[in-house]
Amino acid sequence: MSAIRNLRPFQAGRCRPAVSRQACVRTYAATKLYSNPASRGRIVEWYLQELGVAGDVEVVNLDMREKREHKSDWFKKVNPFGKLPAFEDGNLKLFESGAILLYLADKYDQLHTPLERARAAQWTLFANSTMTQAVFVEQWRERSMPDIFRTLDELLSQQPYIEGDAFSVSDVAVGAYLLYIPAFLPQLDLSPYPNVLAYMKRMSERPACAATVASRVAEKKAEPAPAKA
């Protein structure tokens, strides 16, 4: 079972008593995730499902090919760089998948102390920078990937999750990119890292992951190989 803590989700349109008992301030949150199946938005969708709040967030899938909605003037008011995913929560506009994950973890009461926030930030930054560069940047792969994956394999030989015994936002951040490796770089041999492979299998079998990131991985694997020139 997931070890995610009990949640106190924000409820759009919930009436909250003001100072006076006779008055009531009604607040509405236009909470939207701007995504696309081919973007890192699926990583955020995974975490929303783990938190049990996916129904409170409208997922807006943008056309990135024909209409190029992510480069439109209206969307650049959400993310001036015209990239996906992006997130709106009331007046908050947020981009970068890692930042969105950390915001959701904080908002839904998963991070209580500076230590917990630091650990979550550490692993999210590791996933989005150190690990992805070592894997997905070809000129760095031969030099950097073996050392990183040996260390990760050793860590996962001692504990079931990235931070220890409990599933956390760190598992979404790291696990998602690990699961993308067989889909986007099928030539890479991960057999020297059995604990990483076992961890990937555990993540992919989580219902929230199976419906989002693992589903995208399956779609990518099913795509026909590009024709050779």
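Just above sits the structure.
A few points on the structure. (Residues numbered from 1 in each chain as written. Predicted model: local features only at pLDDT ≥ 70, side-chain atom pairs only at ≥ 80, totals over all residues. Heavy atoms only, no water.)

### As for the pairing of strand β4 (residues 58-61)
Let me state the cut-off plainly: When DSSP finds two or more bridges between a pair of strands, those strands are recorded as paired. Every helix listed is a DSSP run of H or I at least four residues long, and every strand listed is a run of E at least two residues long, numbered separately from the N terminus. Every crossover in which the path from the first strand over the helix to the second runs clockwise, viewed with the strands pointing away from the viewer, is termed right-handed.
Here strand β3 (residues 31-35) runs beside β4; their pairing, made up of four bridges, is parallel. For lysine 32, the partnering residue across the bridge sits in β4 and is glutamate 58. Between the parallel pair β3 and β4, the chain is carried across by helix α1 (residues 41-51), and the sense of this crossover is right-handed.

### A short note on the packing of α1 against helix α5 (residues 169-184)
Working note: a packed helix pair is described by the angle between its axes plus the distance between those axes. To keep it simple, the criterion reads: In this description, a line fitted to the C-alpha atoms serves as the axis of each element, helices being fitted only across the stretch in contact, and the angle between N-to-C directions of two axes falls anywhere from 0 to 180 degrees. By definition in this entry, angles of less than 35 degrees are roughly parallel, angles greater than 145 are roughly antiparallel, angles of 65 to 115 are roughly perpendicular, and the rest are oblique. Left-handed is the label given to a crossing in which the near helix is rotated counterclockwise from the far helix by less than a right angle, and right-handed is the label when the rotation is clockwise. The contact criterion used is simple: two residues touch if any of their non-hydrogen atoms lie within 4.5 Å. Each residue gets one of three labels, nonpolar for Ala, Val, Leu, Ile, Met, Phe, Trp, Tyr, Cys and Pro, charged for Asp, Glu, Lys and Arg, and polar for the others, Gly among them.
Where α1 contacts α5, the axes come no closer than 10 Å and their chain directions differ by 135 degrees. What the angle tells us is that α1 and α5 run oblique. Considering the relative orientation of α1 and α5, their crossing is right-handed. Two secondary-structure elements touch here, α1 through Arg42, Ile43, Trp46 and Tyr47 and α5 through Val169, Asp171, Val172, Gly175, Ala176, Tyr177 and Tyr180. Across the contact of α1 with α5, the residue classes tally to eight nonpolar, one polar and two charged.

### Looking at the pattern of salt bridges
What counts here: Here, a salt bridge means any Lys or Arg side-chain nitrogen found within 4 Å of an Asp or Glu carboxyl oxygen. Here the term buried applies to any residue with accessible area under 20% of the maximum for its type, exposed to any over 50%, and partly exposed to those in between, with areas from a 1.4 Å probe on protein chains only.
In the structure shown here, the tally under the stated rule is five salt bridges. In this structure, lysine 93 engages glutamate 88 in a salt bridge whose closest nitrogen and oxygen atoms are separated by 3.6 Å. Taking the shortest distance from any N to any O, the salt bridge between aspartate 89 and lysine 107 comes out at 2.5 Å. On the criterion of sequence distance, the pair formed by aspartate 89 in strand β5 (residues 86-89) and lysine 107 in helix α2 (residues 97-107) is long-range, its members being 18 residues apart. Lysine 107 sits in the partly exposed class, given a relative accessible area of 22%.

### Section: unusual backbone geometry
Cis rather than trans, the peptide bond between leucine 84 and proline 85 has omega equal to 5 degrees. Note that proline 85 resides in the loop between β4 and β5. The backbone of glutamate 96 sits at a positive phi, close to 80 degrees, despite the residue not being glycine. For glutamate 96, the position within the fold is in the loop between β6 (92-95) and α2. Residue glutamate 96 is classed as partly exposed on the basis of its relative accessible area of 48%. We note that aspartate 109 has phi near 65 degrees; this positive angle belongs to a residue other than glycine.

### Quick look at the packing of aromatic side chains
Convention followed: Any two rings among Phe, Tyr and Trp, with Trp reduced to its six-membered ring, count as a pair given centres within 6.5 Å; such a pair is stacked if its planes are under 30 degrees apart, edge-to-face if over 60, and tilted if neither. By definition, being over a ring means that NZ of Lys or CZ of Arg is both within 6 Å of the ring centre and within 35 degrees of the ring normal.
This structure, assessed with the given rule, holds 10 aromatic pairs. Look at tryptophan 74 and phenylalanine 75: their rings are 5.9 Å apart centre to centre, the planes differ by 80 degrees, and that puts the pair in the edge-to-face class. Centroid distance tryptophan 123 to phenylalanine 126: 5.3 Å. Interplanar angle 85 degrees. Geometry classified as edge-to-face. Of the two residues, tryptophan 123 and phenylalanine 126 both sit in helix α3 (residues 114-136), three residues apart, roughly one turn of that helix. Accessibility assignment for this pair places tryptophan 123 and phenylalanine 126 in one class, buried. A network of ring pairs unites the aromatic residues Tyr34, Trp74 and Phe75 as a single cluster. Over the ring of phenylalanine 167 we find arginine 206; its NZ or CZ atom is 3.6 Å from the centre of that ring.

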